[in-house]
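Observations on the three-dimensional arrangement
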Amino acid sequence: MSSFTTRADAALADPILKIAVERTAGTAQAKRAIAIDAFPDFEAARTRAAAIKDHVIAHLGPYLEQFEANAIAAGAQVHWAQTADEACRIVIAICKAANAKTVARSKSMLGEEIGLPHALEEAGIGRVETDLAEHIIQLADERPSHIIWPAMHKTSEQVSALFKAKHRTPHEEETIAAMAQSARRELRGAMLGADVGISGANFLIADSGAVCTVTNEGNAELSLVPPRVHIVTAGIEKIVPSMPHAIHMLRMLARSATGAALTQYTTFYTGPKRPGDRDGPEEMHIVLVDNGRTKMREEGLAEMLRCIRCGACMNHCVVFRQIGGHAYGGTYPGPMGAVLTPALDGLAPNRDLAHACTLNGMCQQVCPVKIPLPTLLKGWREKSWREGLEPTSMRAGLSLWAWVATRPALYRLGTAIAIRAIRLLGRNGWIARLPLAGGWTRYRDLPKPAAQTFMNQYKQEQRK
Amino acid sequence: MSARAAILARLQSPAPDASQAAALLGTPERPAVDATNLLSEFLARLALPSVNASHDVIASLTDLPAAIARYLADQHEPLTLCCPPDPRLDVCDWSAFTLHATAAPDETATLAIARTAIAETGSLIFETSPTAPMLPNFLTLHHIVLLPVAAIAAHLEDAPLPGPQPRAHYWITGVSGTTDIEGTYVRGAHGPRFLHVILLRDEFPHISDH
Ligand code: SF4
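Predicted model only: the values in this text are computed from it and were never measured.

**Things to note about the overall build of chain A**
Looking only at helices and strands, chain A features 22 helices and 12 strands. A burial count over chain A gives 57% of its 464 residues as buried. Contacts in chain A between residues far apart in sequence, at least 24 positions, make up 72% of those at least 6 positions apart. Roughly 18,700 Å² of accessible area belongs to chain A as shown, and the carbon and sulfur atoms make up 56% of that amount.

**Digging into the packing of aromatic side chains**
What describes a pair of aromatic rings is the distance from one ring centre to the other and the angle between the planes of the rings. Scanning the entire structure with this criterion turns up 8 aromatic pairs over all chains. On the basis of an interplanar angle of 50° and a centroid distance of 6.1 Å, the ring pair of A:Phe4 and A:Tyr328 is categorised as tilted. Residue A:Phe4 is found in helix 1 (residues 3-12), and its partner A:Tyr328 is found in the loop between helix 15 (318-323) and helix 16 (334-345); the two are separated by 324 residues along the sequence. The pair formed by A:Phe4 and A:Tyr328 is uniform in burial state, with each residue classed as buried. Taken together, the ring pairs connect A:Tyr265, B:Phe126, B:Phe138 and B:Tyr170 into an aromatic cluster.

**Comments concerning the confidence of the model for chain A**
Close reading of the predicted structure is inappropriate where its pLDDT is low. All names here are of chain A. Taken as a whole, chain A shows an average pLDDT of 87; of its residues, 84% reach a score of 70 or greater. Confidence drops under pLDDT 50 across residues 425-441; counting only partners more than four residues distant or on other chains, this segment forms 31 contacts. Segment residues 443-449 is flagged for pLDDT under 50; beyond a separation of four residues in sequence, or across chains, it makes 29 contacts in the model.

**Comments concerning empty space enclosed by the protein**
Here the structure, examined in full by the defined rule, presents 4 cavities of 30 Å³ or more. Quantified by volume, the largest cavity comes out at close to 620 Å³. Forming the boundary of the largest cavity are 37 residues, of which A:Lys107, A:Ile147, A:Ile148, A:Asn202 and A:Val214 lie nearest the centre. Of all the secondary-structure elements, those providing two or more residues to the lining of the largest cavity are helix 6 (109-113), strand 6 (210-215), strand 7 (229-235) and helix 12 (243-257) of chain A together with strand 10 (177-178) of chain B.

**A short note on the layout of surface pockets**
Taken as a whole, the second largest pocket encloses approximately 770 Å³ of empty space. If you go around the second largest pocket, you meet 31 residues; those closest to its centre are A:Thr258, A:Gly259, A:Ala260, A:Ala261 and B:Ser50. Contributing elements (two or more residues each) for the lining of the second largest pocket: helix 2 (15-37) of chain A together with strand 10 of chain B. Counting residues per element, the lining of the second largest pocket draws most heavily on helix 2 of chain A, which supplies 6 residues.

**Describing the nonpolar core**
Of all hydrophobic cores here, the largest spans 79 residues; its most connected members are A:Phe203, A:Met304, A:Ile323, A:Met336 and B:Trp171. For this core, the leading source of residues is helix 12 of chain A, giving 8 residues. Aside from chain neighbours lying at most four places away, what touches A:Met336 is A:Ile147, A:Met304, A:Cys307, A:Arg309, A:Cys313, A:Met314 and A:Leu373.

**Observations regarding the packing of helix 3 (residues 42-58) of chain A against helix 12 of chain A**
All names here are of chain A. Viewed as axis vectors pointing N to C, helix 3 and helix 12 meet at an angle of 125°, and their least axial separation amounts to 10 Å. Taken together, the axis directions place helix 3 and helix 12 in an arrangement best described as oblique. For the crossing formed where helix 3 meets helix 12, the hand is left-handed. Seen from helix 3, the contacting residues are Phe42, Ala45, Arg46, Arg48, Ala49, Ile52 and Lys53; seen from helix 12, they are His245, His248, Met249, Met252, Arg255 and Ser256. Its residues assigned to classes, the contact of helix 3 with helix 12 comprises 6 nonpolar, 3 polar and 4 charged.

**Thoughts on the pairing of strand 2 (residues 102-105) of chain A**
Residue and element names in this part refer to chain A. Sheet topology note: the strand 2/strand 3 (residues 126-129) ladder contains 4 bridges and is parallel. Directly across from Ala104, in strand 3, lies its bridge partner Val128. Where strand 2 meets strand 4 (residues 196-199), 3 bridges bridge the pair, whose relative direction is parallel. Across the sheet, residue Val103 finds its bridge partner in strand 4, namely Val196.

**Comments concerning the sheet that holds strand 4 of chain A**
Residue and element names in this part refer to chain A. The 6 strands are arranged 1-10-7-4-2-3 in an open sheet whose pairing can be described as parallel. Edge positions in the sheet fall to strand 1 (77-81) and strand 3, since each has one partner strand and no second. Within the sheet, the average angular offset between the axes of one strand and its neighbour, ignoring direction, is 20°. Here strand 1 pairs with strand 10 (residues 283-289) via 5 bridges, running parallel.

**Re the pattern of salt bridges**
Residues and elements named next belong to chain A. Counting across every chain of the model gives 30 salt bridges over all chains. In this structure, Arg293 and Glu237 form a salt bridge, with 2.7 Å as the shortest nitrogen-oxygen distance. With Arg293 in helix 13 (residues 293-298) and Glu237 in the loop between strand 7 and strand 8 (239-240), this pair connects stretches of sequence that are 56 residues apart. There is no split in this pair, since Arg293 and Glu237 are both buried. Counted as one network, the salt bridges with shared partners bring together Arg105, Glu112, Glu121, Arg127 and Glu129.

**Description of the interface of chain A and chain B**
Taken together, the contact pairs 95 residues of chain A with 73 residues of chain B. Buried area between chain A and chain B, summed over both chains or domains, comes out near 6,900 Å², and the portion from carbon and sulfur atoms is 59%. Taken together, the links from chain A to chain B amount to 42 residue pairs in polar contact (both at pLDDT 80 or more). In terms of residues, the side of chain A that touches chain B owes the most to one element, helix 10 (residues 176-192) of chain A, which gives 10 residues. Inspection of the sheet shows strand 9 (residues 265-269) of chain A paired to strand 9 (residues 168-172) of chain B by 5 bridges, in the antiparallel sense. Considered in strand 9 of chain B, the bridge of A:Tyr265 is made with B:Ile172.

**Thoughts on the pairing of strand 6 of chain A**
Residue and element names in this part refer to chain A. Most of strand 6 is tucked away, with 6 of its 6 residues classed as buried. Residues Ala210, Cys212 and Val214 of strand 6 are buried on one face, and the alternating residues Val211, Thr213 and Thr215, pointing to the opposite face, are buried as well. Pairing analysis gives 3 bridges linking strand 5 (residues 203-205) to strand 6, with the strands arranged antiparallel. Bridging across to strand 6, Phe203 finds its partner in Cys212. What sits between the antiparallel neighbours strand 5 and strand 6 is a turn of 4 residues, in which Gly209 has the positive phi angle 80°.

**Examining the side chain of B:His155**
Among the secondary structure elements, B:His155 is positioned in the loop between strand 8 (152-153) and strand 9. Assessed through its relative accessible area of 9%, B:His155 is described here as buried. Setting aside anything within four residues of it in sequence, one finds B:His155 in contact with A:Arg251, B:Arg30, B:Pro31, B:Val33, B:Ile118 and B:Glu120.

**Topic: the site of the ligand**
The environment of the ligand is made up of 13 residues, and the closest members are A:Cys307, A:Cys310, A:Gly311, A:Cys313 and A:Cys367. Taken together, the residues of the shell around the ligand break down into 11 nonpolar, 1 polar and 1 charged.

Here is what the cut-offs are and how they apply
Residues numbered from 1 in each chain as written. Chains lettered and ligands numbered in written order. Predicted model: local features only at pLDDT ≥ 70, side-chain atom pairs only at ≥ 80, totals over all residues. Heavy atoms only, no water. Helix = DSSP H or I, 4+ residues; strand = E, 2+ residues; numbered from the N terminus. Buried < 20%, exposed > 50% of the residue type's maximum accessible area, 1.4 Å probe, protein only. Contact = heavy atoms within 4.5 Å. Areas by Shrake-Rupley, 256 points an atom, 1.4 Å probe, with all protein chains shown as cover. Phe/Tyr/Trp six-rings, centres within 6.5 Å; stacked < 30°, edge-to-face > 60°. pLDDT = per-residue confidence, 0-100. 1 Å grid on protein atoms, 1.4 Å probe; cavity = no way out; pocket = protein on both sides within 12 Å on 5 of 7 lines; lining within 4 Å. Points joined across faces, edges and corners; volume = space filled by probe spheres on them. Core = buried A, V, L, I, M, F, W, Y, C linked by side-chain atoms within 4.5 Å. Axes fitted to C-alpha atoms, helices over the stretch in contact; angles between N-to-C directions. Parallel < 35°, antiparallel > 145°, perpendicular 65-115°, else oblique. Left-handed = near helix turned anticlockwise from the far one by under 90°. Nonpolar A, V, L, I, M, F, W, Y, C, P; charged D, E, K, R; others polar. Pairing = 2+ DSSP bridges. Salt bridge = Lys/Arg side-chain N within 4 Å of Asp/Glu carboxyl O. Buried area = accessible area lost by both parts, 1.4 Å probe. Polar contact = N/O pair within 3.5 Å; in protein donor to acceptor, adjacent residues only side chain to side chain. Near = heavy atom within 4 Å.

Okay, structure coming up:
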């Protein structure tokens, strides 16, 4: 049994996890639907957003150079990293040069992707996660399970117990508001005392050299304004040509992620503190990280570089809703994670992620930049097949299927027999047990198949 | 080869001309705003549960201290205020207040001046400068914002000024909130729990005129 299957199995058997995931993902799905209904023409806006990203990805080199020149002109220092390790080394070197004892981090998925939390720990630099969800998982010593709500897998009861064990002055009242206040008390001083603030970037504005962050908590600004040094780690695909392009993407991002018209705090940072400024960092460093992105662009995954990390695809994914984010094993969960993880961490250990998909197409339908996620997943399946990574039972089964499927009469006979056999096992339209499919039917029922095959029904319809 | 050279070598392409990028914008899809009635459009967004701000209207700048005093009294807070070092506020009589320019870690009330505001979203737009620090606006519990009515614009595209950008340009749309625990909304996560906008009907001089 592969590791993904083991993790998914464990997740399916955890009833608390399902409740926790359902509470947040369900709310997110409902709020997004309301926001999109109220928007004048979301479909056209998606097409435009995809075209903007495709344009940037086609001209990524020149745009990066333009961004770099403008950021330097504004006083920032720009660094380039080909790999995750190189990016971490650059960040640690800047921290060491600044004599940093503690850093305040504002949630960044790129930071997670390159393993920055671990690298800081190894370098002996204290790390304060300032996003509430990241704070929760830092205390619990866990990994994020969602790109917008990293602590989605935790119930309020679990968070309450955690804060009571770890906070200096924990909440007394058992309300979510009181828990949030407990974290506010705990984190405020830590943010103000940090030597370095580290953030990601939601967008890099090429024509001004500005870095854009969005948060609802205001923790980015509280983490990035007081320290002497601000470090940004950003994937090279985060570029947009100008502010109006960023604005279009921001409208898409907020609605797709949380159903809001805009995040509460949207900030554009252009270089360090200026003469006479009362606050702001003395130094601003921007680390532009490739970590597999140029390769994705070259090898048929350019469309994936459109991703603006909104999380809509996972909120709407039936598989994610059943197993949560941790089962995916990588930094990024859900449909976008199933496409990204094999690119970032290799196909062989992650080949079964492409099978964690019903190909119902929901992810593609809700994606604000129209990424053909099911097609990209199928691409991984095919590659895995070509490279001989699929297990022999699957290969044997599929070869037999291919042999029969290319002989239409035999195929029709076979499926008709199978349908009759499966219907015998069904009760009230649902099948609770199926020989050879115990892994699927243990935690959920399989719908009883229709009385006839689709092809039979289709032919009858045609005859009418 | 440096990392920079190695990355750029793989991303070679002709430089896009600016008209290509501009053409992609065309007429962007965005919520409709009645441009003849920007104030009421803005106030409607400000009152949405997602923004959750209160407001007051004053005729002239000299009415500002009384309006702030009213708000703080309603909130049962003392007349202590973190005030930006903006010379345009010198015309006001602040004698009833204890004023300071640097915010305390647990600051109660901070005043800030918005350069503009956006009717589309109910956003307040700020920029850093020697007379406009940023941190006090995030540390405070009550964020009190002075906004000249004439400065309200329709869409987010109207927010940035053309030309060189300030050190930080930021949009505030509501109070600090979180949905990180079970998707339940809580206000006052890290920053302000209350946002109060004081709209000024009179003309307000631009900072550079001082
Ligand atoms: S793939 Fe699309 S829906 Fe999923 S996170 Fe990225 S942008 Fe959002």
